[in-house]
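Residue-level listing of the chains:
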Amino acid sequence: FNDVLSFVNDRPLQMTRLVDPATGTPTTVSQRLRRADFALFFQDDWKAGRNLTFNIGMRWELTFPLDEKWGRLATFDPTLGNGQGGIRVVSHADRYNGAIDAFAALNPGVIIQKNGGPLHKTDKNNFAPRFGFAWTPFGGSSTVVRGSYGVFYTIDDLCLCGHYNLAPFMLTQRFTSAQRPTLD
């Protein structure tokens, strides 16, 4: 709201909503994100002496690309158009051709690649070694020195929000107070 009087009269300075470019009707952000992952782990403890133990382990992780139940994923790809950049649409579903065509008509200079494949390639060599030790320097006392080392891989969270609320599936429609109809 621009001022108190605008608030009292319910006249916001601006209002924003998401719309489907094919129909122009308000829409919501998809909440059907999913991802599959698989991991294996083994570990062994080796007692090198009465007061020294080594822990050795290996973890292997396989994380598949992000997916959305209805295929509504898109991203900016700087390699499209010989470096010009454009939108790479992951989905191959025909149900979005209307939205993609409507977006292309509104933005004729934007390159759109349909059936662009997953957002990233599956990395199959995520091996993560783990090493550790426990040493009791004074024999049976309660003093223990411990140390460890490990390699860890970060898995993206499921809120890669920019990938599923992007054009061509949704457009932001903004209204300012000058465009709002009044009852005057």
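In case you missed it, the structure is sitting above this.
Notes on the structure in this doc start here. (Residues numbered from 1 in each chain as written. Predicted model: local features only at pLDDT ≥ 70, side-chain atom pairs only at ≥ 80, totals over all residues. Heavy atoms only, no water.)

### Description of the overall build of the protein chain
Part 1: Across its full length, the protein chain carries four helices and eleven strands.
Part 2: Looking at the protein chain as a whole, 25% of its 184 residues are labelled buried.
Part 3: Across the protein chain, contacts joining residues at least 24 apart in sequence account for 65% of those joining residues at least 6 apart.
Part 4: Here the protein chain has roughly 12,500 Å² of accessible surface; of this, 56% comes from carbon and sulfur atoms. (Helix = DSSP H or I, 4+ residues; strand = E, 2+ residues; numbered from the N terminus. Buried < 20%, exposed > 50% of the residue type's maximum accessible area, 1.4 Å probe, protein only. Contact = heavy atoms within 4.5 Å. Areas by Shrake-Rupley, 256 points an atom, 1.4 Å probe, with all protein chains shown as cover.)

### Regarding the sheet that holds strand β8 (residues 111-113)
Part 1: Taken together, the three strands give an open sheet; going across it, the order is β6-β7-β8, and neighbouring strands pair in mixed fashion. The open sheet terminates on both sides in strands that have one partner only, identified here as β6 (74-77) and β8. The average angle at which neighbouring strand axes cross in this sheet is 25°, direction not considered. (Pairing = 2+ DSSP bridges. Axes fitted to C-alpha atoms, helices over the stretch in contact; angles between N-to-C directions.)

### Here we look at the side chain of Arg88
Part 1: Summarising the element assignment, Arg88 is placed in strand β7 (residues 86-89).
Part 2: Within the local environment of Arg88, its side chain forms a polar contact with the side chain of Asp77, the two groups lying 3.3 Å apart.
Part 3: Not counting residues up to four positions away in its chain, the partners in contact with Arg88 are Leu73, Ala74, Thr75, Asp77, Leu80, Gln113, Gly116, Gly117, Pro118 and Leu119. (Polar contact = N/O pair within 3.5 Å; in protein donor to acceptor, adjacent residues only side chain to side chain.)

### Overview of the nonpolar core
Part 1: Within the largest apolar cluster, six residues are counted, these being Ala74, Ile87, Val89, Tyr96, Ile100 and Phe103.
Part 2: Contributing elements (two or more residues each) for this core: β7 and α3 (97-106).
Part 3: Of all hydrophobic cores here, the second largest spans five residues; its members include Leu33, Leu66, Leu73 and Leu119. (Core = buried A, V, L, I, M, F, W, Y, C linked by side-chain atoms within 4.5 Å.)

### Structural notes on the sheet that holds strand β9 (residues 126-135)
Part 1: Pairing within the open sheet is antiparallel, and its four strands lie in the order β3-β4-β9-β10. At either end of the open sheet lies a strand with only one pairing partner, and these are β3 (37-49) and β10 (145-150). Strand after strand, the sheet turns through a mean of 10° between neighbouring axes, direction not considered.
Part 2: In the sheet, β3 pairs with strand β4 (residues 52-63) via twelve bridges, with the strands oriented antiparallel. By the bridge assignment for β4, Asp37 is matched with Thr63.

### Thoughts on the pairing of β9
Part 1: Here β9 shows a clear split, with Asn126, Ala128, Arg130, Gly132 and Ala134 buried on one side and none of Phe127, Pro129, Phe131, Phe133 and Trp135 buried on the other.
Part 2: With ten bridges joining them, β4 and β9 adopt antiparallel strand pairing. Considered in β9, the bridge of Asn55 is made with Gly132.
Part 3: By the bridge criterion, six bridges tie β9 to β10 in an arrangement that is antiparallel. Bridging across to β10, Phe133 finds its partner in Gly147.

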